[in-house]
Amino acid sequence: MALLNILHFPDTRLRTVAKPVTEFDAELKQLVSDLFETMYEAPGIGLAATQVDRHIRLLVLDVSEGRDRPRCLINPQIIASDGEEEMDEGCLSVPGFYEKVSRAERIRVRAQNTDGEVSEFEAEGLEAVCIQHEMDHLEGKLFVDYLSSLKRNRIRSKLVKQQKQQAK
Ligand code: QAP
Ligand code: CO
């Protein structure tokens, strides 16, 4: 078990497009377990491999109150969606900032598990939003990309300033 280092906006490595997972081996299971540990410790409700500088199509989430419903999605695809919902989003890679983003309200997802088995399920509300947010990471996209450039640039300057302070 290990805590992984989370990249922060505007780190350009967060812009990498992740490659499909092809090997469902022990190394993959170890990474999944480290992602969960890192997400729970943060604490966060979702974390994509991209955020820890591993550029494969893998994400973990747990939107439950009890923090007892871990879900791991490998090579996820949204195969249907409907409705629209606006929700305040945050991101472990954009610490301290929360802004409203509009997303599909309900989605149908197809994904693999750590053994490579494919399944489909439906998600709505916070879980649906979280999955869409984490899947964006796999495309090198961040929630701040949906904001005005004014808001995004303000967030960027504040984070760059904080990062410089912390490096001292
Ligand atoms: C994505 O985000 C998400 O700024 C997951 O200081 C968030 O777990 C999807 C976090 C909201 C839908 C709605 C953020 C922790 C965690 C921070 C997270 C922070 C500490 C964010
Ligand atoms: Co995020």
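Here we summarise the structure given alongside this text. The structure presented is a predicted model; accordingly, all values stated were derived computationally and were not measured.

### Points about the overall build of the protein chain
Line of reasoning, step 1. Looking only at helices and strands, one finds 3 helices and 7 strands in the protein chain.
Line of reasoning, step 2. Starting at the N terminus and walking to the C terminus, you meet the elements of the protein chain as α-β-β-β-β-β-β-β-α-α.
Line of reasoning, step 3. Relative to the compact-globule value of 15 Å for 168 residues, the protein chain shows a C-alpha radius of gyration of 16 Å, a close match.
Line of reasoning, step 4. A principal-axis box enclosing the C-alpha atoms of the protein chain has dimensions of 45 × 40 × 30 Å.
Line of reasoning, step 5. Relative to all contacts within the protein chain whose residues are 6 or more apart in sequence, the contacts with residues 24 or more apart total 66%.
Line of reasoning, step 6. Put simply, the protein chain shows about 9000 Å² of open surface, and 48% of that area lies on carbon and sulfur atoms.
Line of reasoning, step 7. Taking the average location of the 23 positive side-chain charges in the protein chain and that of its 29 negative ones, the two points are 9 Å from each other.

### With respect to the pairing of strand β4 (residues 85-89)
Line of reasoning, step 1. Alternating positions in β4 separate cleanly, Glu85, Met87 and Glu89 being buried on one face and Glu86 and Asp88 remaining unburied on the opposite face.
Line of reasoning, step 2. Across 5 bridges, the pairing between β4 and strand β5 (residues 99-103) is antiparallel. Following the sheet pairing, glutamate 89 is matched in β5 by glutamate 99.

### Thoughts on the sheet that holds strand β1 (residues 46-48)
Line of reasoning, step 1. As summarised here, the arrangement of the 5 strands in space is β1-β2-β3-β6-β7, forming an open sheet in which the pairing is antiparallel. Strands with a single pairing partner mark the edges of an open sheet, and in this sheet they are β1 and β7 (118-124). On average, each strand axis in the sheet is tilted by 40 degrees relative to the strand beside it, whichever way the strands run.
Line of reasoning, step 2. Two elements, β1 and strand β2 (residues 58-61), share 3 bridges in a ladder whose sense is antiparallel. By the bridge assignment for β2, leucine 47 is matched with valine 60.
Line of reasoning, step 3. Together, β1, β2 and β3 (71-82) form the strand contacts of helix α1 (residues 26-41), whose direction differs from that of β2 by roughly 40 degrees.

How each quantity is defined
- Residues numbered from 1 in each chain as written.
- Chains lettered and ligands numbered in written order.
- Predicted model: local features only at pLDDT ≥ 70, side-chain atom pairs only at ≥ 80, totals over all residues.
- Heavy atoms only, no water.
- Helix = DSSP H or I, 4+ residues; strand = E, 2+ residues; numbered from the N terminus.
- Rg over C-alpha atoms; globule rule 2.2 N^0.38 Å.
- Contact = heavy atoms within 4.5 Å.
- Areas by Shrake-Rupley, 256 points an atom, 1.4 Å probe, with all protein chains shown as cover.
- Lys, Arg positive; Asp, Glu negative; His and termini not counted.
- Charge placed at Lys NZ, Arg CZ, Asp CG, Glu CD.
- Buried < 20%, exposed > 50% of the residue type's maximum accessible area, 1.4 Å probe, protein only.
- Pairing = 2+ DSSP bridges.
- Axes fitted to C-alpha atoms, helices over the stretch in contact; angles between N-to-C directions.

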